[in-house]
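The chain contents come next:
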Amino acid sequence: MSVRHFLTLSDLSPQELERVIQRAIELKRRHKAGLLDEPLKNKVLAMIFEKSSTRTRVSFEAGMTQLGGAAIFLSPRDTQLGRGEPLEDTARVLSEMVDAVMIRTFSHQDIETFAAYSTVPVINALTDDFHPCQLLADVQTFVECRGSLQGKTVTWIGDGNNMCNSYMRAARQFDFQLRVCCPKGYEPPAELLEDFADRVRLIHEPQEAVRDVQLVVTDVWASMGQEEEQNRRKRDFASYQVSPKLMDLAAKDALFMHCLPAHRGEEISEDMLDDHRSVVWQEAGNRLHAQKALLEFLIAGSPLQPSL
């Protein structure tokens, strides 16, 4: 059977994604009940980081440990990648030594190149274009709190960045409608908007964008690598802050999410993370469980659901 990668949400079918989400919920329940699940015993995950991380490193490393396996942290400073070894060669070498590779980097093309030469699963833990692992955690959180996202309406407010791009793919894979609310000039790529035109509506006015929706999501205004644009972005995004007042325009049972880290007083008001509609801490914790389910799916295959 050919190796499966997870570079975007489109690499899994809607049915497979649903299976991963439900398995994540089951693994979370079992973990909190103190039950042991070790389907990846003696398996090893290589973790390549070219971008700094808190949630991604801890969730993948802890996840592999809890599943009975191990994780190896690799940075360009500590490997031959930092000395110019081609991605193709590194992919071939690691394929001989580990059971999967997780990469957090800048260029999405680089991770596609790596996957093309890898004979073990490659997981996109963030590129400048997509962040599919975060979407698994977001969907899991919504399902736990409100049930299926199918038929719901979600608003993305802020920059048309990798998270926004992933939400567009999620809209099709999980069958919901997405409103993208960005300042003019910060929209997601035109080709993505065209590809997902049946799912995505572009709106420039925040109050209109959040009205009556079931989920509001945002992210920092300047992502890693855009720090020099910080002051200009603060001016351009000033009216796109998510606050409890803006959330009041959403549906009564609407939820708020943020992938973190958050800049209080910028993309969110000082009090937004503590609002009763905010589920960001549950969302962050679900990175662990969603990625455990993904790792199990890619390395060991679909499990039989265990029972107590």
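See the structure shown above.
Note that the structure is a prediction, hence the values are computed from the model and not measured.

Q: So, the overall build of the protein chain: which residues are in play, and what are the values?
A: Within the protein chain, the secondary structure is distributed over 11 helices and nine strands. Against the globule reference of 19 Å for 308 residues, the protein chain gives a C-alpha radius of gyration of 19 Å, in line with a compact fold. Referenced to the eigenvectors of the C-alpha coordinate spread, the extents of the protein chain come out at roughly 50 × 50 × 35 Å. When burial is assessed residue by residue, the protein chain has 56% of its 308 residues classed as buried. A fraction of 73% describes how many contacts in the protein chain between residues 6 or more apart in sequence connect residues 24 or more apart. In the form shown here, the protein chain has an accessible surface area of approximately 13500 Å², with 48% of it arising from carbon and sulfur atoms.

Q: Describe in detail the packing of aromatic side chains, supporting the description with residues and values.
A: What characterises a pair of aromatic rings is the spacing of the ring centres plus the angle enclosed by the ring planes. Under the criterion given, the structure shown has five aromatic pairs. Between phenylalanine 237 and tyrosine 240, the ring centres sit 6.3 Å apart and the planes meet at 70 degrees, which makes this aromatic pair edge-to-face. Judged by its relative accessible area of 0%, phenylalanine 237 is buried. Each member of the aromatic cluster is reached from another via a ring pair, and the members are Tyr186, Trp221, Phe237 and Tyr240. The positively charged end of arginine 57 is found above the aromatic ring belonging to phenylalanine 73, 4.0 Å away from the centroid.

Q: If you had to explain the sheet that holds strand S3 (residues 100-104) to someone new, which residues and values would you point to?
A: Pairing in this open sheet of four strands is parallel, and the strands run S2-S1-S3-S4 from one edge to the other. Sheet topology places strand S2 (70-74) and strand S4 (122-124) at the edges, where each strand pairs with a single neighbour. Strand after strand, the sheet turns through a mean of 20 degrees between neighbouring axes, direction not considered. Here strand S1 (residues 44-49) pairs with S3 via five bridges, running parallel. The partner of isoleucine 48 across the bridge, within S3, is isoleucine 103.

Q: Lay out the state of the cysteines with the relevant residues and their values.
A: Inspection of the entire model under this criterion finds zero disulfides. No disulfide involves cysteine 164; its nearest neighbouring cysteine sulfur is the one of cysteine 182, lying 5.0 Å away. Unpaired in terms of disulfides, cysteine 259 finds its nearest cysteine sulfur in cysteine 164, a separation of 12 Å.

About the cut-offs
- Residues numbered from 1 in each chain as written.
- Predicted model: local features only at pLDDT ≥ 70, side-chain atom pairs only at ≥ 80, totals over all residues.
- Heavy atoms only, no water.
- Helix = DSSP H or I, 4+ residues; strand = E, 2+ residues; numbered from the N terminus.
- Rg over C-alpha atoms; globule rule 2.2 N^0.38 Å.
- Buried < 20%, exposed > 50% of the residue type's maximum accessible area, 1.4 Å probe, protein only.
- Contact = heavy atoms within 4.5 Å.
- Areas by Shrake-Rupley, 256 points an atom, 1.4 Å probe, with all protein chains shown as cover.
- Phe/Tyr/Trp six-rings, centres within 6.5 Å; stacked < 30°, edge-to-face > 60°.
- Lys NZ or Arg CZ within 6 Å of the ring centre and 35° of its normal.
- Pairing = 2+ DSSP bridges.
- Axes fitted to C-alpha atoms, helices over the stretch in contact; angles between N-to-C directions.
- Disulfide = S-S within 2.5 Å.

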